[in-house]
Amino acid sequence: MKRMELAAGPITDPATRAANAAGIATGAFPEAATSPTTTAEETAKATVHAAEQMQEEFRQYRRYHDAWNHNTKAVDQAIKEGLIKGARKPLDFACMECEMGDPVGARFSRNTKTGSSVPLNPYHHIEIDLWGHLDVDDRSGFRFVFGAVDRATGKLWLQPLRAKSEALAAIKRYFTMVRAQLPGIEAHLNVTSGTLGINVVGSDRGGEFTTTNGATRSSFDEFLQDVVHRLNTPDTAASGTTKVERMWRTIVKATRTSLLSSGLKKKYFWDAMVLVADVYNMLPTEANRLGRGEAPDVTLGLRHDLRDIVTLGAPAFLRVDGDKGDDAMQIVTMLGFNHDGGGYRVLCQNGKIVTSIHVKVNGDDKAFRRGLADAKRDPKQASQFLKDHFNLG
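Residues numbered from 1 in each chain as written. Predicted model: local features only at pLDDT ≥ 70, side-chain atom pairs only at ≥ 80, totals over all residues. Heavy atoms only, no water.

## Let's talk about the packing of helix α2 (residues 40–67) against helix α3 (residues 72–80)
For any two helices packed against each other, the geometry comes down to the angle between their axes and how far apart the axes lie.
Here is step 1: One way to put it is that α2 packs onto α3 with a least axis distance of 9 Å and a crossing angle of 130°. Put simply, α2 runs oblique to α3. For the pair α2 and α3, the crossing hand works out as right-handed. Contact with α2, carried on its side by Y61, Y64 and H65, involves T72, V75, D76 and I79 of α3 and no other residues of that element.
Here is step 2: For the contact of α2 with α3, the class distribution of residues is four nonpolar, two polar and one charged. (Axes fitted to C-alpha atoms, helices over the stretch in contact; angles between N-to-C directions. Helix = DSSP H or I, 4+ residues; strand = E, 2+ residues; numbered from the N terminus. Parallel < 35°, antiparallel > 145°, perpendicular 65-115°, else oblique. Left-handed = near helix turned anticlockwise from the far one by under 90°. Contact = heavy atoms within 4.5 Å. Nonpolar A, V, L, I, M, F, W, Y, C, P; charged D, E, K, R; others polar.)

## Some words on the packing of aromatic side chains
Here is step 1: Throughout the structure, instances matching the rule amount to 13 aromatic pairs.
Here is step 2: With a centroid separation of 6.4 Å and an interplanar angle of 75°, the aromatic rings of Y123 and Y174 are classed as edge-to-face. Placement of Y123 in the loop between α4 (96–101) and β1 (125–132) and of Y174 in helix α5 (residues 167–189) is noted, with a sequence separation of 51 residues between them.
Here is step 3: An aromatic cluster is built from Y123, F146, W157, Y174, F175 and F223, whose rings are joined through pairwise contacts. (Phe/Tyr/Trp six-rings, centres within 6.5 Å; stacked < 30°, edge-to-face > 60°.)

## Examining the packing of helix α7 (residues 242–262) against helix α8 (residues 269–280)
Here is step 1: With their axes 9 Å apart at the nearest point, α7 and α8 run at an angle of 120° to one another. Relative to α8, α7 is oriented oblique. In terms of crossing hand, the pair formed by α7 and α8 is right-handed. In this structure, α7 uses I251, V252, A254, T255, S258 and L259 to contact α8, whose residues at the interface are F269, A272, M273, V276, A277 and Y280.

Okay, here's the thing in structure tokens:
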């Protein structure tokens with residue numbers, strides 16, 4: 001992966017200087033080691049350079065950690081495999097947003113059989129569910145999100161909704177998307193054309209998915225007449241929609257941490273959640289049984305490039321064509337990928353949200369972060385853009 005260069009500042013923290021000295025003594029900074037002809041001044045310069053380089057690698061690690069859904073395991077593995085260059089994990093690494101984003105501190109294990117005889121064919125058996133409601137003053141009025149997950153690969157798809165009644169339109173769009181992907185997936189997996197398809201749909205007994213006590217089928221029931229609609233048993237989540245329930249816990253936690261670290265206001269919660277889902281599909285996950293833990297997009301042969309992953313709220317440059325061919329670069333804020341075509345979805349300084357392929361991530365975000373920190377210390381002096389879109393409280 002291409003390394004993003006950041007300018008490093010002088011090391012002023014006494015603890016850091018002590019750690020640097022210890023690093024030289026133990027050989028952690030071999031480039032700073034002395035030789036018989038090395039002067040004291042050269043040694044000092046080499047020490048400072050090595051320390052600054054290490055701090056830069058620490059900063060790069062945190063940037064990858066933020067962008068990759070705060071998935072420490074995935075970042076560590078990518079560094080081990082050489083996919084990430086120029087990043088090093090601090091020995092005392094800790095993420096406050098990770099702790100704040102997970103309100104559930106306790107953990108327990110359930111001794112429940114989760115094995116299945118369902119064949120491991122992509123999209124053969126999917127699980128669907130709605131999450132919400134959550135009122136965040138979203139610009140589009142979204143209050144719910146429809147989720148669908150493939151039991152074989154863990155491939156996730158999300159669609160924010162204004163009301164539960166939009167669930168039918170969401171699953172129709174999902175079926176259309178899957179049908180468009182299947183020919184490419186079949187070619188990638190070298191299986192006969194027409195072999196793959198959605199055959200089983202698991203859901204809970206919510207009124208948006210079925211009519212359990214009425215004599216008339218719901219519109220959702222009618223749409224699913226050509227597949228097996230498997231309903232879970234009330235109060236027994238593990239019996240019908242285990243995958244999607246686990247998925248919500250993972251995605252919601254990652255969304256909260258991503259929003260916290262970005263500094264954006266809560267009204268961008270759904271933007272954060274959709275971006276988290278996109279990144280989730282690009283990273284290794286134990287939910288992918290068919291691909292034995294690799295990224296769902298890799299197993300399915302879908303477009304996959306870790307260099308495309310962006311951080312929510314990160315500064316970027318948007319190229320705007322001038323009247324006479326004179327291009328101009330505008331500073332924008334990253335919100336996620338464009339699902340209706342290539343490129344990214346960004347927030348402009350005038351508050352408008354646009355999609356474009358002409359977006360370049362700003363690799364050096366220190367000035368932006370410094371300005372945001374100053375705005376939080378003195379909100380009255382903050383720009384109107386920061387007041388409107390970032391949490392300064």
